[in-house]
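So the chains spell out like this:
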Amino acid sequence: MVKNKLRFFRIFFEISFFVFITSSFFCFPLRGIPSKTQIVPILFSVFSKEFFLSIFFVIFFIFVTFFFGRIYCSFFCPLGGFQDIFIRVGRYIKKNKFKYQKPLLFFRFTILFFLLISLFSGSSYLISWLDPYSIFGKMINYLIKPIFVVINNLGEFFLRKRGFYFFRILDFPDFNLFIISILGLILGGVIYFSLKEGRFYCNSICPLGTFLSLVSFRSLCRIEIDKLRCTSCGICEFNCKGSCINSKEKIIDDFSCIRCFNCLSICPFSAIRFRFVSFIKKRKEKNIERRKFILYLTYICFLGINLFLREKGKKLSNSSPPTPPGSISLKRFLSKCTSCYLCVNRCPTGVLRPSLFQYGIFGAFVPFMDFRSGYCSYECNECLNICPTNAILPFRLEEKKKIQIGRVNFTQDFCVVYKNKTNCGACAEICPTEAIRMVPYKGLLSIPFTEPSICVGCGGCAFVCPATPKAIVIETNLVHREVKSFERSKNKKENRKEEFPF
C-alpha cells in the first residue's frame, strides 16, 4: 500500500504542477507564483528584493533532494512532466521496454562545468537553452500556444454563431520561421528520446539534473533491491524511464534515479523498497590524472573564448533596443534573463518579442522591446511582477512610472507635417508624460516638440508614428535613469476624460 501511495502521490503532484505551470504561460492570473517552484529561476533571483524568499526555496529544494533524492525531476519539473506524457503514449502504442544504461558522467559533468563557467563570466546564454523551465517556456510560446489560439478562436467563432459568448478572440503570436525551426527540432528530439529512451534528456544533458544528482548521490532515503527476493525478471528495468536499474546485477544507479517510484509498485516479488540508509559505501578511486588535466585545460580555454566572445558579441550601444522597466541596465538584463518568454506571453500590448541578433551573438532570443509591434503601457507593470529570475525587478506601478528606459529622438525632416504639410499629432496624443507636445509651425499646422528629460521611453510615439522612416524613435539608455518630475496639464486630463467616459 505504501509503495502504491508513493507513486500516486508523485503522479498527483506532477500533473498538478504541470497544469499549474503551463497555465501561467497562457495569461491566467497566477502572477509569478509558478516560477517559485523552479530551481534555476530561484537561483537567479537570490540577489534581489525577494532575497529571503528565494533563499528559503533554495534551502528547501536542496534539503529535500539530499534527504529523498531527485524528486524535483518527477514532481515539479514541467519539461519532465511533458516527457512523461509521451513516455506513457509510447507504452500504449509500442509497449516500449527501457534498458539499463551506464550514466554518461563525463559528458554530463562537461556540460555542467561549461555552463557554470559561462555563468561566472557573465553570460546566461547557455542556461537559456539548457534549463528545462526555459526550454519549456520557449516551446509553449512558439509551438503550443499558436495551436491553443487557433482552437480557442475557432471555438469562439462557432459558439458566437449560436449565440454563446463564453470565449474571446486571442491574438495570434508572431510567426518567426527561424526560431520555430530551432524549437521544432528541440521538440522533435524531446519527443523522440521520450518514446525511445525515456528520460534521456534528464539523465544525459540537463545540467540541473546533473547538479541534483550530485546532491542526491548519497541521499539518506534510497531505492534499493533486496537481492534475496529479486529473481532478475527484468520487469523493473523495462519500466524504468530513468534507465537506472540493472536487473542482472540487481543494483540501482542512485545518480540517475529520478524517484518516479514506478519500480516499487510494479515488482511482483516486492523486492524493491524505498528506505532510509544510514551507511555509505566507499568507491575505489581510479587514476585519471591525464584525463583531468585535459579536462581542466579545456575549461580554461572555454573560459577565455567565452570572455572574448562576450565582449565582442555584445555590441551594446544606444542603438540597441531598450529593455523593460525594472531591468536596471542592458548589461544586467542580458546576464540574468534565461529567455523563458513568460514576460512575452503576459505582455498585454505585445511590445516584448524574442530577439534574433539585436543584442549580438550572446543576446540571441532574449526578449526585446519592439516598438513596431506595440509599446510599453504607462499603466502596466505586468512583466515586473512575473519575471522568475528577477532580470526584471518587481517595482510598484508608481515606481515604474519614474523609470526612464530611453529618450525620445525627433527628426523633423521625416515628419509628415514637414514633408506633406498636413496635420498629424498622433505622437503627442499617445505620450503619457507630455514629453511630446504640438507647437505652432506654419499657418494652422502644428509640429511636435520634444522634452527628452521627462520621457520614459515607452515607445508609444514610435509605434503610432505614420512616417517612413519613423520621425520619432527611442534612444536606449544603457543604464536606466529616473525621469524628471512633471505635471500633466489640466486640458490633457479633461480631453482624456471626454474621450473615455467609462
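Cut-off values and rules
- Residues numbered from 1 in each chain as written.
- Predicted model: local features only at pLDDT ≥ 70, side-chain atom pairs only at ≥ 80, totals over all residues.
- Heavy atoms only, no water.
- Helix = DSSP H or I, 4+ residues; strand = E, 2+ residues; numbered from the N terminus.
- Areas by Shrake-Rupley, 256 points an atom, 1.4 Å probe, with all protein chains shown as cover.
- Salt bridge = Lys/Arg side-chain N within 4 Å of Asp/Glu carboxyl O.
- Buried < 20%, exposed > 50% of the residue type's maximum accessible area, 1.4 Å probe, protein only.
- Contact = heavy atoms within 4.5 Å.
- pLDDT = per-residue confidence, 0-100.
- Pairing = 2+ DSSP bridges.
- Core = buried A, V, L, I, M, F, W, Y, C linked by side-chain atoms within 4.5 Å.
- Phe/Tyr/Trp six-rings, centres within 6.5 Å; stacked < 30°, edge-to-face > 60°.
- Lys NZ or Arg CZ within 6 Å of the ring centre and 35° of its normal.
- Patch = residues over 30% accessible without salt bridge, like charges linked within 9 Å, V, L, I, M, F, W, Y side chains within 5 Å.
- Axes fitted to C-alpha atoms, helices over the stretch in contact; angles between N-to-C directions.
- Parallel < 35°, antiparallel > 145°, perpendicular 65-115°, else oblique.
- Nonpolar A, V, L, I, M, F, W, Y, C, P; charged D, E, K, R; others polar.

Trainee: Quick question: what am I supposed to make of the overall build of the protein chain here?
Mentor: In terms of helices and strands, the protein chain carries 22 helices and 10 strands. Carbon and sulfur atoms make up 65% of the accessible area of the protein chain, which totals about 26,400 Å².

Trainee: Mind showing me how you'd approach the pattern of salt bridges here?
Mentor: It is possible for side chains of opposite charge to pair when their charged atoms get near one another. Across all of its chains, the model carries 12 salt bridges by this definition. Arg 160 serves as the salt-bridge partner of Glu 156, at 2.9 Å between the closest nitrogen and oxygen. Taken together, the residues Glu 156 and Arg 160, both in helix α8 (residues 132-161) and 4 residues apart, mark about one turn of the helix. Glu 156 sits in the buried class, given a relative accessible area of 9%. For Arg 160, a relative accessible area of 35% puts it in the partly exposed group. Between Arg 346 and Glu 382 there is a salt bridge whose closest N-O contact spans 2.8 Å. With a gap of 36 residues between them, Arg 346 in helix α16 (residues 342-346) and Glu 382 in helix α17 (residues 382-386) connect regions that are remote in the sequence. The exposure class assigned to Glu 382 is buried, which follows from its relative accessible area of 19%.

Trainee: I tried to follow the environment of Pro 173 on my own but got confused; where do I start?
Mentor: If you trace the backbone, Pro 173 turns up in the loop between α8 and α9 (177-197). For the pair formed by Pro 173 and Lys 145, sequence separation is 28 residues and the distance between their alpha carbons is 7.7 Å. If sequence neighbours within four positions are ignored, Pro 173 has contacts with Asn 141, Lys 145, Pro 146 and Val 149.

Trainee: Help me understand the confidence of the model for the protein chain, please; the structure alone is not making it clear to me.
Mentor: Regions with low pLDDT carry predicted coordinates that are not meant to be interpreted in detail. On average, the protein chain scores 82 in pLDDT, and the residues at 70 or more come to 84%. Throughout residues 279-290 the model reports pLDDT below 50, and contacts reaching past four residues in sequence, or to other chains, amount to 6 contacts. Note that pLDDT drops below 50 for residues 490-502; the model gives that stretch 10 contacts with residues more than four away or on any other chain.

Trainee: Help me out: how do you make sense of helix α11 (residues 207-216) in this one?
Mentor: An α-helical segment advances 3.6 residues per turn. Residues three or four places apart therefore align on the same side. With 8 of 10 residues buried, α11 is to be regarded as a mostly interior element. Among all positions in α11, only Pro 207, Leu 208, Gly 209, Thr 210, Leu 212, Ser 213, Val 215 and Ser 216 are buried.

Trainee: How should I be thinking about the pairing of strand β1 (residues 221-225) in this particular structure?
Mentor: On a regular strand, each side chain points to the face opposite its neighbour's, so the side chains alternate between the two faces of the sheet. Most of β1 is tucked away: 4 of the 5 residues are buried. Alignment of β1 against strand β4 (residues 272-276), held across 5 bridges, turns out to be antiparallel. Within β4, the position partnered with Glu 224 by the bridge is Arg 273.

Trainee: Please explain the nonpolar core as it appears in this structure.
Mentor: Most often, soluble globular proteins have nonpolar side chains that are buried together. In terms of nonpolar packing, the biggest core is built from 112 residues, with Tyr 72 and Ile 272 touching the most fellow members. For this core, the element with the most residues is α8, which contributes 7 residues.

Trainee: Would you explain the packing of aromatic side chains in this entry?
Mentor: Working definition: an aromatic ring pair is given by the centre-to-centre distance plus the angle between the planes. The tally for this structure, following the rule as stated, stands at 27 aromatic pairs. With a centroid separation of 4.7 Å and an interplanar angle of 65 degrees, the aromatic rings of Phe 67 and Phe 68 are classed as edge-to-face. Residue classification places Phe 67 among the partly exposed positions, given a relative accessible area of 25%. Judged by its relative accessible area of 33%, Phe 68 is partly exposed. Each ring, one from Phe 75 and one from Phe 76, has its centre 6.3 Å from the other, and the planes form 40 degrees; the classification is tilted. According to the relative accessible area criterion, Phe 76 is buried, its value standing at 11%. The residue whose ring lies beneath Lys 138 is Tyr 341, and the NZ or CZ to ring-centre distance is 5.6 Å. A cation sits over an aromatic face here: Lys 421 above Tyr 418, 5.4 Å from the ring centre.

Trainee: What is the right way to look at a nonpolar patch on the surface in this model?
Mentor: A surface patch of nonpolar side chains, about 480 Å² in accessible area, is lined by Val 150, Leu 154, Phe 157, Phe 158 and Phe 172. Topologically, Phe 158 is positioned in helix α8. For Phe 158, a relative accessible area of 48% translates into the label partly exposed.

Trainee: Quick question: what am I supposed to make of unusual backbone geometry here?
Mentor: Phi is mostly negative for residues that are not glycine, and the peptide bonds are mostly trans. The omega angle of the peptide bond from Thr 468 to Pro 469 is -5 degrees, so this bond is cis rather than trans. Structurally, Pro 469 is set in the loop between α21 (460-464) and β10 (472-482). Its identity as a non-glycine residue notwithstanding, Ser 270 has a phi of 55 degrees, on the positive side. A residue is classified by how much of its surface remains accessible, and Ser 270, at 37% relative accessible area, is partly exposed. Positive phi outside glycine occurs at Ile 328, with the angle close to 70 degrees. Tracing the backbone shows Ile 328 in the loop between α14 (289-313) and α15 (330-336). Exposure remark for Ile 328: the relative accessible area of 34% places this residue in the partly exposed category.

Trainee: Looking at this structure, how should I read the packing of helix α6 (residues 105-120) against α11?
Mentor: Packed helices, taken two at a time, are described by the angle between their axes plus the distance between the axes. At their nearest, the axes of α6 and α11 sit 9 Å apart, and the two run at 105 degrees to each other. The orientation of α6 with respect to α11, classified from their angle, is roughly perpendicular. Contacts between α6 and α11 pair Arg 108, Phe 109, Ile 111, Leu 112 and Leu 115 from the former with Pro 207, Gly 209, Thr 210, Phe 211, Ser 213 and Leu 214 from the latter. When its residues are assigned to classes, the contact of α6 with α11 shows 7 nonpolar, 3 polar and 1 charged.

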